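A look at the structure
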Amino acid sequence: MSTESSPPQQPLKVFVVPVTPFRQNASILVCGTTNKAAIVDPGGDIDTLLTALAESGGEAEKILLTHGHLDHAGAAADLAERLGIPVEGPHRADEFLLQDLPAAGARFGLEMRPVSPDLWLEEGDTVTVGAVEFDVRHVPGHTPGHVVFLAEGLNFGIVGDTLFAGTIGRTDFPYGSQDQLVQAIREKLMVLDDAFTVLPGHGQATTIGQEREINPYVR
């Protein structure tokens, strides 16, 4: 007599959905235990995101925002209204960017609404996606209120426009600071395990170990 064993359940499923002309990595995180889902940084292309959500099989419970730039937050208000779910994040220091989304979008021919999050996030907060917990870290420099979401137990994090494969986020804004960004990355991201995988806001995922070796800003 033989028995079949089920494959181990994934604690978190991650679906990356590039959106907008900026090819921003929106993502859908689905808890393997509860099937609850979060949509992270829905910058635009709502129909594409809704299709990806349906294909993921997840039940959306919230939207998470890393920061207030249009390619990350431009569709948050409409999507939250459409799905009847709250918006969590970023840090309140990005409120001016979220309120300026209509003007920011208009400069690129995009129609956007301002976003008023249901919950502002701060350093040390925790957010959940179903049964999965993410620690919130405030990593300013790209924008004043940028946060990242780190699940250290899973060696995985969403880092927005802070750390990229081989480089870091832009800081050539009136409110940007390269010194501030580099310091925050070193203190809050580079202390993680080499095997820790980070998904940035654009381009491919990377690991902390890889960035220690190749990234001229943080190695």
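As a starting point, this report considers the structure included with it. Starting afresh in each chain, residues are numbered from 1 along the sequence in its written order. Reporting in this predicted model follows two pLDDT cut-offs: at least 70 for local features of residues, and 80 or more for side-chain atom pairs to be given and counted; totals over whole chains, interfaces and linings ignore these cut-offs and use all residues. No hydrogens and no water enter the side-chain calculation; it runs on all heavy atoms of the structure.

A closer look at helix 6 (residues 178-188)
Here is the rule: Think of it in three bands: residues with accessible area under 20% of the maximum for their type are buried, residues over 50% are exposed, and the middle band is partly exposed, with areas taken using a 1.4 Å probe on protein chains only. Each helix is a run of H or I in the DSSP string that is no shorter than four residues. Each strand is a run of E no shorter than two, and both are numbered from the N terminus. Our arc is simply the arc of the directions from the helix axis toward the C-beta atoms. Working rule for contacts: check all heavy atoms of both residues, and any pair within 4.5 Å makes them a contact. Between N or O atoms, a polar contact is any pair within 3.5 Å; within protein, one atom must be a potential hydrogen donor and the other a potential acceptor, and residues adjacent in sequence are included only when both atoms are from side chains.
Residues of helix 6 that are buried include every one of Leu181, Val182, Ala184 and Ile185, and no others. Angular distribution of buried residues about the axis of helix 6 spans 165°; they occupy a single face of the element. Tucked inside the fold, the buried residues of helix 6 contact strand 10 (163-164) and strand 11 (167-168). Where helix 6 starts, the residue carrying a side-chain oxygen 3.1 Å from the main-chain nitrogen of Gln180 turns out to be Ser177.

Brief notes about the sheet that holds strand 1 (residues 12-19)
To keep it simple, the criterion reads: Strands pair, by our definition, only if DSSP identifies at least two bridges between them.
The five strands are arranged 1-2-3-4-5 in an open sheet whose pairing can be described as mixed. Where the open sheet ends on each side, the last strands, each with one partner, are strand 1 and strand 5 (87-88). As paired strands, strand 1 and strand 2 (residues 24-31) are joined by eight bridges and run antiparallel to one another. Bridge pairing in strand 2 links Phe15 to Ile28.

Thoughts on the nonpolar core
As a reminder, the rule being used: The criterion is simple. A nonpolar core is a set of buried Ala, Val, Leu, Ile, Met, Phe, Trp, Tyr and Cys residues joined through side-chain atoms within 4.5 Å.
Within the largest apolar cluster, 29 residues are counted, with the highest numbers of intra-cluster contacts made by Ile28, Ile39, Ile63, Leu65, Leu98, Leu101 and Val115. Counting only elements with at least two residues in this core, the list comes to strand 1, strand 2, strand 3 (36-40), helix 1 (46-56), strand 4 (59-64), helix 2 (70-73), helix 3 (76-83) and helix 5 (101-106). With 18 residues, the next largest nonpolar core counts Cys31, Val129, Val132 and Ile158 among its residues.

Considering the pairing of strand 9 (residues 156-160)
Taking burial as the measure, the five residues of strand 9 include five buried ones, the bulk of the element. Side chains of strand 9 alternate between two faces, with Phe156, Ile158 and Gly160 and Gly157 and Val159 buried alike. One ladder, built from three bridges, connects strand 8 (residues 147-151) with strand 9; its direction is antiparallel. Paired with Ala151 across the strands is Phe156, a residue of strand 9. Linkage of strand 8 to strand 9, two consecutive antiparallel strands, is achieved through a turn of four residues, within which Asn155 is found at a positive phi near 55°. Inspection of the sheet shows strand 9 paired to strand 12 (residues 197-200) by four bridges, in the parallel sense.

Here we look at the environment of Ala60
Mapping Ala60 onto the fold places it in strand 4. Setting aside residues up to four positions removed in sequence, Ala60 forms contacts with Ala37, Ile39, Leu53, Leu83 and Ile85.

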